[in-house]
Amino acid sequence: DQQVKQNSPSLSVQEGRISILNCDYTNSMFDYFLWYKKYPAEGPTFLISISSIKDKNEDGRFTVFLNKSAKHLSLHIVPSQPGDSAVYFCAASDRNRDDKIIFGKGTRLHILP
Amino acid sequence: SQTIHQWPATLVQPVGSPLSLECTVEGTSNPNLYWYRQAAGRGLQLLFYSVGIGQISSEVPQNLSASRPQDRQFILSSKKLLLSDSGFYLCAWTPGQGNQPQHFGDGTRLSIL
C-alpha cells in the first residue's frame, strides 16, 4: 500500500518557467511533509517542509502548498534553473507516532534550455 | 556542524557473499538512524531504523540485518547476499527529539553478480 504517491515519473519544463511537482497521500494522520532533491549517485538533499497546520511555506524559489482536504501537496519552483534538473521526492510522516518518513517514488525534473 | 559518512561508495559482490556497510554520524548525540534502499526505478524504501544503541526496528522482512554498536554508528549486514539485494543503500539521521527532516549520506551502490 503506497501511502505517498507521485504519479508523474518525469516532467520537462523550460528554463525560467515554473515547475510544479505534485504529490498525493492517503494517510490522514500524516502531519509533516517534506520535499527532497536527489542527483544521481548522491543522497537526497532536504529542500523544504511544511507542517499540517499551514497551507503554504516558501523558501526562496521553492514554495510548498498543502491541501489537507484533498490530501495533496505540491512543490513550485520559480523560476526554474538548469541546476534544478534532478529527481524530487515527496515524503510524509506522522510525528505523533514516530520519526519514520515515508517517501514517494520520485519525479524526474528536466529543465530544458 | 553535523555530518554523515557512508562507505564504501560502491561495492560489487558475488551472490552468497557477506555484506557490511557502515554509517557514522558526527557532531550530534543520540540521533535516530535509518537505512533505506533505492532499487532501480523505485522510491526510497525504509529498511531499518534505530532510536538508540542496540535498538533496531525492521520495516520489511528481508535478507538483511542492522546493528547499532555505538551511539553514532549504524551497520547494515547480510550473511549471504542475493541478486535482489542490488541497489543504492542510503543511511540517514535525525536529531533524537524528532520533528526534523532526515539528512542523508551519499549512499552505497551495491551490485550483486
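This text gives an overview of the structure that appears in the document. (Residues numbered from 1 in each chain as written. Chains lettered and ligands numbered in written order. Predicted model: local features only at pLDDT ≥ 70, side-chain atom pairs only at ≥ 80, totals over all residues. Heavy atoms only, no water.)

Some thoughts on the interface of chain B and chain A
Residue-level contacts link 23 residues of chain B with 18 residues of chain A. For the pair chain B and chain A, the summed buried area comes to about 1,600 Å², and 58% of that belongs to carbon and sulfur atoms. On the surface where chain B and chain A come into contact, there are zero salt bridges. At the junction of chain B with chain A, the criterion picks out three residue pairs in polar contact (both at pLDDT 80 or more). At four residues, strand β4 (residues 32–38) of chain B tops the list of elements feeding residues into the side of chain B that touches chain A. Classifying every residue of the side of chain B that touches chain A gives 10 nonpolar, 10 polar and three charged. (Contact = heavy atoms within 4.5 Å. Buried area = accessible area lost by both parts, 1.4 Å probe. Salt bridge = Lys/Arg side-chain N within 4 Å of Asp/Glu carboxyl O. Polar contact = N/O pair within 3.5 Å; in protein donor to acceptor, adjacent residues only side chain to side chain. Helix = DSSP H or I, 4+ residues; strand = E, 2+ residues; numbered from the N terminus. Nonpolar A, V, L, I, M, F, W, Y, C, P; charged D, E, K, R; others polar.)

Thoughts on the sheet that holds strand β1 (residues 3–7) of chain B
All names here are of chain B. One open sheet accounts for four strands, arranged β1-β3-β8-β7; its pairing is antiparallel. Of all strands in the sheet, those bounded by a partner on one side alone are β1 and β7 (65–70). Between one strand axis and the next, the sheet turns by 20 degrees as a mean value, whatever way the strands run. One ladder, built from five bridges, connects β1 with strand β3 (residues 19–26); its direction is antiparallel. Residue pairing in the sheet places H5 in a bridge with T24 of β3. (Pairing = 2+ DSSP bridges. Axes fitted to C-alpha atoms, helices over the stretch in contact; angles between N-to-C directions.)

Digging into the packing of aromatic side chains
Scanning all chains against the criterion turns up 12 aromatic pairs over all chains. Plain terms: the ring middles of Y36 of chain B and F104 of chain B are 5.5 Å apart, the flat faces sit at 50 degrees to each other, and that makes the pair tilted. Of this pair, Y36 of chain B sits in strand β4 while F104 of chain B sits in strand β10 (residues 103–104); the two residues are 68 residues apart in sequence, bridging distant segments of the chain. Given the relative accessible area of 0%, Y36 of chain B is considered buried. The class for F104 of chain B is buried, based on a relative accessible area of 10%. Through successive ring pairs, a cluster of aromatic residues spans Y36, F46, F89 and F103 of chain A together with Y34, Y36, Y49 and F104 of chain B. (Phe/Tyr/Trp six-rings, centres within 6.5 Å; stacked < 30°, edge-to-face > 60°. Buried < 20%, exposed > 50% of the residue type's maximum accessible area, 1.4 Å probe, protein only.)

Quick notes on the nonpolar core
Counting residues in hydrophobic clusters, the biggest one holds 23 residues, and the most contacted among them are F33, W35, L73, L75 and Y88 of chain A. The set of elements that each furnish at least two residues to this core consists of β3 (19–25), β4 (32–38), β5 (45–51), β7 (62–67), β8 (72–77), β9 (86–93) and β11 (107–112) of chain A. One finds L11, F48, A66 and W93 of chain B within the second-largest nonpolar core, a separate group that totals 20 residues. (Core = buried A, V, L, I, M, F, W, Y, C linked by side-chain atoms within 4.5 Å.)

Let's talk about the sheet that holds strand β6 (residues 56–59) of chain A
Remark on secondary structure: sheet strands pair via backbone hydrogen bonds, oriented parallel or antiparallel. Residue and element names in this part refer to chain A. In space, the five strands of this open sheet follow the order β1-β3-β8-β7-β6, with antiparallel pairing throughout. Of all the strands in the sheet, just β1 (4–5) and β6 have a single pairing partner and so form its edges. Pairing geometry for β7 and β8, over six bridges, is antiparallel. Following the sheet pairing, F62 is matched in β8 by I77.

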